Amino acid sequence: SLKGRSVLDVGCGRGRWSKEYAARGASVTGVDISPDAIGLLAAEMPQHKFICEDIPSLGFPPGSFDVVSSVTVVQHLLPEKQQLVFSLASQWINPGGYLVLLENVRGFDSPHVFPHRTAEWIRMVEATGLRCSHCWGSNYEVLFRFEASIMRLLRGGAPPAGAAIPMT
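Everything numeric in this text was worked out from a predicted model, so none of it was measured.

Trainee: For this particular structure, what's the right way to read the overall build of the protein?
Mentor: Within the protein, the regular secondary structure consists of 5 helices and 5 strands. Starting at the N terminus and ending at the C terminus, the protein contains elements arranged as β-α-β-α-β-β-α-β-α-α. Residues classed as buried in the protein amount to 36% of the 168 residues present. Looking at the protein alone, contacts between residues at least 24 apart form 57% of all its contacts between residues at least 6 apart.

Structure below.
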């Protein structure tokens with residue numbers, strides 16, 4: 001349960017994750033650059049806060065949120081802006097809070113997506129002083145994981161023990 005917890009939904013869009021966090025009892029602040037999306041969410045979820053602004057211009061005080069969540073948002077920022085977003089997020093998270101980050105780890109034929117391998121995303125976040133406590137593949141990566149498993153088997157290697165990547 002997230003009852004009584006504060007969540008910042010970075011790049012909230014039409015609110016898929018904002019609505020999920022709110023349904024679990026969180027007090028949600030959503031941020032997006034789309035005035036239309038923010039307007040719709042503000043009208044639909046008036047008990048929560050929605051802001052139309054670019055992430056680096058946000059001025060939240062340190063320790064404002066228990067959870068900062070970003071789902072396929074940071075990958076759309078230029079690489080030099082990605083690290084800035086992680087630095088800001090690490091400041092906005094309460095001690096003992098969490099950064100929830102779901103991003104692509106494979107390249108796409110799109111000029112507006114700047115993905116990294118899993119280890120690089122983790123390195124970028126940990127450079128801010130945060131520590132990776134959990135990491136696992138998502139439904140976006142199923143075919144890539146399957147391909148990697150097949151390639152390992154073809155090369156005579158053992159299949160992976162599971163999808164989770166334990167971090168210590």
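Trainee: Explanation requested: the confidence of the model for the protein in the structure shown.
Mentor: Chain-level pLDDT for the protein is 85 on average; 79% of the residues reach the 70-or-more range. When the criterion is pLDDT under 50, residues 159-168 qualifies, and its contacts beyond four places in sequence or with other chains add up to 16 contacts.

Trainee: Explain the nonpolar core to me, please; I cannot follow it from the model alone.
Mentor: The tendency in soluble globular proteins is for nonpolar side chains to be buried as a group. Judged by nonpolar contacts, the single largest core of 22 residues is most densely connected at Leu-8, Ile-55, Leu-58, Phe-60, Val-68 and Trp-92. For this core, the leading source of residues is helix H3 (residues 79-92), giving 5 residues. Ranked by size, the runner-up nonpolar core spans 6 residues in total, among them Leu-2, Tyr-21, Ala-26 and Val-28.

Trainee: Would you mind going over the sheet that holds strand S5 (residues 93-102) with me for this structure?
Mentor: For sheets, the rule is that strands pair by backbone hydrogen bonds, running either parallel or antiparallel. Ordered by their spatial adjacency, 5 strands build an open sheet running S3-S2-S1-S4-S5, and the pairing between neighbours is parallel. The open sheet is flanked by strand S3 (49-52) and S5, the only strands paired with a single partner. With direction set aside, neighbouring strand axes in the sheet form an average angle of 15°. The pairing of strand S1 (residues 6-10) with strand S2 (residues 27-32) spans 5 bridges and is classified as parallel. Bridging from a neighbouring strand, Val-10 pairs with Val-31 of S2. Sitting on the sheet, H3 is in contact with S1, strand S4 (65-71) and S5, with an inclination near 145° to S5.

Calculation criteria
Residues numbered from 1 in each chain as written. Predicted model: local features only at pLDDT ≥ 70, side-chain atom pairs only at ≥ 80, totals over all residues. Heavy atoms only, no water. Helix = DSSP H or I, 4+ residues; strand = E, 2+ residues; numbered from the N terminus. Buried < 20%, exposed > 50% of the residue type's maximum accessible area, 1.4 Å probe, protein only. Contact = heavy atoms within 4.5 Å. pLDDT = per-residue confidence, 0-100. Core = buried A, V, L, I, M, F, W, Y, C linked by side-chain atoms within 4.5 Å. Pairing = 2+ DSSP bridges. Axes fitted to C-alpha atoms, helices over the stretch in contact; angles between N-to-C directions.

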